Amino acid sequence: APLENIGLVVVDEEHDPSYRQHESPFYNARDVAVMRAHLAGAVVVLGSATPAMESFFNAQTGKYTYLQLPDRIGGRGLATAELIDMREVFKRFGKDVALSPELLEAVTETHARGEQVIILLNRRGFSQFVLCRTCGETLKCPNCDITLTFHRGDNKLLCHYCNHREKSPKTCPHCQSEYLYFVGEGTENIADQLSKKFPEMRIARVDRDTMAHKGEMEEVLLKFAAGGLDMLVGTQMIAKGHDFPNVTLVGVISVDIGLGLPDLRSAERTFQLITQVAGRAGRGKKAGKVMIQTYYPDHYALRFAKEQDYLGFYNEEIKFRKRLAYPPFFVLASILIKHRDHACASKMANILRRSLDAANSDKTARILGPAPASLSRLKNEFRLQIILKGVNRRSLREILDIGLADAEQQGCDLRTVNVEIDPVNLM
């Protein structure tokens, strides 16, 4: 922005991964803001109830000045939180249920008091995937190494990565069996179940499928704020930044999805999401309540989220980061080698690894891979990953510059290579 005399830069919700640009040129807008303020001799304020581990580490080590707001506005108390052990619910019913009796009872009581409810499920669609009970195959995207999600509204199977769509089959395409099983609930399914259980409640669904057009989300949120709706069911779009004084109950469903991801920040993101959505409850004069359904009630991310104890979570998580040589103690670089031909991708990755090893002759960095990325095929491209862990950015950058230049001379096509410094996820 062409501002001549910058005095203050504010980054609200500084932890949010949407500040990260995931395509070239890769950058984090939060880090750009810090550097811009530094160059202008200005002050930068990074605001968050759940700061990124790196930001809080900088505050703890004196690189940043730590300013704390320990109390809610007006001296209001935090919402009380409760973990619902879905293992016990399973034992009672003998089958998986998406909505526990405890949560349903709380919804009934909240609605009877004329108060509002938010239900968070960070997975859209009707079912997570379709499984054939006869042959055991799942229906996968032809372009990506991922299952297709069933959307009942338009009777389609959809890939949430490449947007491939196909009509939902009546029989298994592998063995022609009719016994197709729709596994795992999404927001569409949960909203449907809640509408049947509470026909008197006015319920709206908020996710990328229902809020596709400009102005739709604002319209629903304004209606909810005015009391024209009793319940919102949605993904993380409803988890942060909203102020609804009449919301006294927040239900969190299938929170374990995030914990199971093969990513260094999975616990951090889960903690942040629960804490942020818990902050939507009890923002008025009435007390708020948060009910978190989980199969892992003993996980530290959930225990500390229940207490809304950021410092407790930070102190636990930082131990793992140090032990495993992850940020904020080490600098990461993620290199993705992508090609439509697997043999070609593998060849390029091996050339690059040898060149990086040569550039890292003094072993100042750790180099891992090449190995298949967590999502090993996306948009018809095979993906191999090399991860570098360095003690500082300068030495890591030198290794990368020398290694990439040498790899190109050795025949590596750098158009197949994507390098990302400080990746926010390793998927």
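Here the structure is a predicted model, which means the values were calculated and not measured. Sequence order as written defines residue numbering, which begins from 1 separately in each chain. Per-residue local features are limited, in this predicted model, to residues with pLDDT of at least 70; the limit for side-chain atom pairs, both in listing and counting, is 80 or more; totals at the level of whole chains, interfaces and linings are taken over all residues. The side-chain numbers reported here are obtained from all heavy atoms of the structure, hydrogens and water having been left aside.

**Thoughts on the overall build of the protein**
- Each helix corresponds to a stretch of at least 4 residues labelled H or I by DSSP, and each strand to a stretch of at least 2 residues labelled E; elements are numbered beginning at the N terminus. Secondary structure summary: the protein contains 12 helices and 19 strands in total.
- Against the globule reference of 22 Å for 427 residues, the protein gives a C-alpha radius of gyration of 24 Å, in line with a compact fold.
- Overall, the C-alpha framework of the protein stretches about 70 × 65 × 45 Å when taken along its three principal axes.
- Remark: exposure states derive from per-residue accessible area (1.4 Å probe, protein chains only) relative to the maximum for the residue type, with buried under 20%, exposed over 50%, and partly exposed in between. Expressed as a percentage of the 427 residues in the protein, the buried residues total 47%.
- Residue contacts are counted whenever heavy atoms from the two residues lie within 4.5 Å of one another. Long-range contacts, defined here as pairs at least 24 residues apart, represent 71% of the contacts in the protein between residues at least 6 apart.
- With 56 positive and 52 negative side-chain charges, the protein shows a separation of 1 Å between the mean positions of the two kinds. Note that the radius of gyration is over C-alpha atoms, with the globule rule given as 2.2 Å times the number of residues to the power 0.38. Here Asp and Glu are counted as negative and Lys and Arg as positive; His is not counted, and neither are the chain ends. For the purpose of locating charges, the reference atoms are NZ of Lys, CZ of Arg, CG of Asp and CD of Glu.

**Here's the deal with the environment of Leu-400**
- Note on placement: Leu-400 falls in helix α12 (residues 393-409).
- A relative accessible area of 0% places Leu-400 in the buried class.
- The spacing of Leu-400 and Ile-335 is 65 residues in sequence and 9.8 Å in space, taken between C-alpha atoms.
- Those residues in contact with Leu-400 that lie beyond four places of it in its chain are Ala-333, Ile-335, Leu-356, Leu-388, Val-419 and Ile-421.

**A word on the packing of helix α9 (residues 300-307) against helix α10 (residues 310-323)**
- The axes are straight lines fitted to the C-alpha atoms, using for helices just the contacting stretch, and the angles between their N-to-C directions are given from 0 to 180°. Where α9 meets α10, the closest approach of the two axes is 9 Å, and the angle between their N-to-C directions is 160 degrees. Relative to α10, the element α9 lies roughly antiparallel. Our pair here, α9 against α10, has a crossing hand that is left-handed. Along its contact with α9, which presents Tyr-300, Ala-301 and Phe-304, the element α10 presents Gly-312, Phe-313, Glu-316, Glu-317 and Phe-320.
- Charged means Asp, Glu, Lys or Arg here, nonpolar means Ala, Val, Leu, Ile, Met, Phe, Trp, Tyr, Cys or Pro, and polar covers whatever is left, Gly included. Split by residue class, the contact of α9 with α10 holds five nonpolar, one polar and two charged. By definition in this entry, angles of less than 35 degrees are roughly parallel, angles greater than 145 are roughly antiparallel, angles of 65 to 115 are roughly perpendicular, and the rest are oblique. Left-handed describes a crossing whose near helix is turned anticlockwise from the far helix through less than a right angle; right-handed describes the clockwise counterpart.

**So, the nonpolar core**
- Think of a nonpolar core as a cluster: buried Ala, Val, Leu, Ile, Met, Phe, Trp, Tyr and Cys residues, connected wherever their side-chain atoms sit within 4.5 Å. Formed by 42 residues in total, the largest nonpolar core has its most connected members in Ile-118, Leu-232, Val-250, Val-252, Val-290 and Phe-313.
- Ranked by residues supplied to this core, first place goes to helix α8 (residues 266-278) with six residues.
- By size, the runner-up hydrophobic cluster in this structure holds 24 residues, among which are Ile-335, Ile-351, Leu-356 and Ile-386.

None of the figures reported here should be taken as evidence of function without further support.
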